[in-house]
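Observations on the model geometry
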Amino acid sequence: NIQSNETLIDIVDPVVPMTLLEVSSETFVSGVPVSSITKGAVFTYRNTIQNVGNEDAIDVSFNDMLPTDVVVNNVAAVGWTCNMLSAHEYTCMLTAPLLPTSSAFVEFEVMDVSAPAVTELQNFVEVVALNADPQSTTSTVNFDAASFNVNVSYVPGLIEPNSAFDIVVDVVNTGSTELT
């Protein structure tokens with residue numbers, strides 16, 4: 001006699017403890033944090049993911065929607081696997097869990113190719129993990145404003161016919177960047 005018994009096995013997903021992530025995106029020029037850049041500048045967006053919770057963050061990844069007015073020159077991603085989804089969208093996945101109180105970052109070296117009328121660039125980053133609620137940030141970098149006033153005067157105040165006089169031209173930088 002062969003007898004068969006049916007056994008129901010209930011497979012329950014293990015409970016993964018939740019943690020808390022923070023994301024930031026900063027702009028750097030030559031390694032120095034900045035809030036404004038000049039037109040045509042090469043600069044770096046640094047996206048930092050920090051685990052501020054008490055548990056390892058598992059399967060950490062982020063999606064970066066870079067401004068359409070930049071060209072990506074380089075992606076520096078130690079410990080990450082990054083893929084280009086389009087010319088201005090990248091997704092990066094951390095290759096190991098992010099331990100509590102630790103952080104990891106990816107840097108995008110880009111060049112501004114915006115039209116003269118564009119006054120700022122915005123970078124949107126969203127981070128997700130298996131055991132953390134999604135977090136996002138938008139960073140804005142403004143363009144340095146180059147502007148000046150020109151004042152023209154002459155000396156002396158009253159000019160006689162056939163007499164010499166001096167013209168004085170003062171250029172005053174009223175912008176936020178050096179004039180060249």
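Residues numbered from 1 in each chain as written. Predicted model: local features only at pLDDT ≥ 70, side-chain atom pairs only at ≥ 80, totals over all residues. Heavy atoms only, no water.

Overview of the confidence of the model for the chain
Mean pLDDT for the chain: 88, with 86% of residues reaching 70 or above. The least confident element of the chain is strand β12 (residues 148-155), whose mean pLDDT is 73; the most confident is strand β8 (residues 89-94), at 98. (pLDDT = per-residue confidence, 0-100. Helix = DSSP H or I, 4+ residues; strand = E, 2+ residues; numbered from the N terminus.)

Section: the pairing of strand β4 (residues 42-51)
Most of β4 is tucked away, with seven of its ten residues classed as buried. In this sheet, β4 lies alongside strand β1 (residues 21-29) in antiparallel orientation, the contact comprising eight bridges. The residue bridging L21 from the neighbouring strand is N51, located in β4. (Buried < 20%, exposed > 50% of the residue type's maximum accessible area, 1.4 Å probe, protein only. Pairing = 2+ DSSP bridges.)

Concerning a nonpolar patch on the surface
On the surface, V150, V152, Y154, I159, F165, I167, V169 and V171 cluster together into a nonpolar patch covering about 750 Å² of accessible area. Broken down by secondary-structure element, the contributors of at least two residues to the nonpolar patch are β12 and β13 (166-173). A relative accessible area of 59% means that V152 is categorised as exposed. (Patch = residues over 30% accessible without salt bridge, like charges linked within 9 Å, V, L, I, M, F, W, Y side chains within 5 Å. Areas by Shrake-Rupley, 256 points an atom, 1.4 Å probe, with all protein chains shown as cover. Salt bridge = Lys/Arg side-chain N within 4 Å of Asp/Glu carboxyl O.)

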